[in-house]
Amino acid sequence: MQIPYEVKPREDTGLWNAKLGIWLFLASEVMLFGGLFSAYVFLRTGAPEHVVGQPHSFLEWPHGWLNVWVGLGNTFVLIASSITILLSWAAIKTRDFKKFRWYMGITIAAGFLFLIVKCGYEYPQKFKHYGLTAQTEDGKVVHVTGHIVKKTDDFVQLEVDPPKGGHAEGKGEGHGEYGSGVVVGKGDHGHEVVQFPKDKILRLSNWGPWYHPYLAIYFLLTALHGIHVFAGTLVNLYFWLPGSKMYHTDPEHFANRVEVSGLFWHFVDLVWIFLFPVFYLL
Amino acid sequence: MSEHVDAHFHKHIKACVGVFLLLMVFTLITVGVSFIQLGHVGNIVVALLIATFKALLVAAYFMHLNSEKSVIYKVLVFTFIFFFALMLLTLFALHGEIGVGH
């Protein structure tokens, strides 16, 4: 028994079933990502503003914590995959199976490339990067960021990041004033290695979502988006391999399925169009 | 087996390839503009305006919304009412109309 209106549209709405279904689903996804963007607005506007002449607060909204060029590359990858999935659907409609295979293959590769860059490079970079807050002798604190060179029960050695354009988070950051920290040499990247005694360290944490509200909402939104990229790529992979059998038995039905997957994929691209400037540029 | 395509289909595909190139260009513009100091609010407004324009291109052409059936439009009207209500609530909460604001 055939399910009605999988291919032939209903007379009253002019739609086949899955077309309405996917749009209803995407409408709900707008609210899912919308709610999290609203959370971003609250976190960002709630962050303290820097007052000229006053020391910087750790909770100020940061800039330059993400690599713009890597993000730009990933943006190009997703936009390109959006046109290729459309062209793969067009190939089914014009009955060119080889072309469908070619364009869908590129779409799948683009999805995996995006995820490899995000999860294999960008995220690990954050987990290898550390922020350290230590007491100084005069009762103040010093905050530095960098990469751990050596860690023992008694001390932590950090190769500190160079200061960015004069912005210093309190004392430290390559300015030579590290309170209880002592410069012990130069690291692999040519920056100072500073050794801090364990008993003076108030906080040592890598740049995971727990480090700062910016990273919390960054990881949450981009990871949720990443899960959508992964799910979409798996569906595309199914249509590329076992699912493509339907091309030979019912090509219009197959075209509709790929169109539905394409709509989901375009939505994923659309979310990234907002995520990229919000986290990487603003 | 006959093709289920017509002249409109081919025009649509050509338009989409053009939209793809436009999207790439506007992505570069987004990055370029971010280096110009337009003030705190200015940079945010410009970036979101460009992003919205790109999103509308994707929705209208790639997602074929500019020639979709009215049922879909009716569904999406509700989506955007609720989305803007969410953003409005956010704005109200920040400016004190609701709860404790700045």
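Shown above is the structure to which this text applies.
Residues numbered from 1 in each chain as written. Chains lettered and ligands numbered in written order. Predicted model: local features only at pLDDT ≥ 70, side-chain atom pairs only at ≥ 80, totals over all residues. Heavy atoms only, no water.

Peer 1: I'd love a proper account of the pattern of salt bridges, names of residues and values included.
Peer 2: On inspection of all chains with the given rule, the structure shows seven salt bridges over all chains. The shortest N-O distance in the salt bridge between Lys 118 of chain A and Glu 122 of chain A comes to 2.9 Å. Linking Lys 118 of chain A with Glu 122 of chain A, this pair stays in helix α3 (residues 97-128), spanning four residues, or about one helical turn. Judged by relative accessible area, which is 2%, Lys 118 of chain A ranks as buried. Salt bridges here are not isolated pairs; linked through shared partners, they connect Lys 19 and Glu 259 of chain A together with Glu 68 of chain B. (Salt bridge = Lys/Arg side-chain N within 4 Å of Asp/Glu carboxyl O. Helix = DSSP H or I, 4+ residues; strand = E, 2+ residues; numbered from the N terminus. Buried < 20%, exposed > 50% of the residue type's maximum accessible area, 1.4 Å probe, protein only.)

Peer 1: Please give an account of the interface of chain A and chain B that cites residues and values.
Peer 2: Accessible area lost upon the coming together of the parts is a frequently used measure of interface size. Listed per partner, the contact involves 50 residues of chain A and 48 residues of chain B. Here chain A and chain B share an interface that buries about 4200 Å² over both sides, 84% of which is from carbon and sulfur atoms. Inspection of the chain A/chain B interface yields one salt bridge. Of the charged contacts, one joins Glu 68 of chain B and Lys 19 of chain A as a salt bridge, the two residues approaching to 2.7 Å between their closest N and O atoms. In this assembly, chain A and chain B are joined by two residue pairs in polar contact (both at pLDDT 80 or more). (Contact = heavy atoms within 4.5 Å. Buried area = accessible area lost by both parts, 1.4 Å probe. Polar contact = N/O pair within 3.5 Å; in protein donor to acceptor, adjacent residues only side chain to side chain.)

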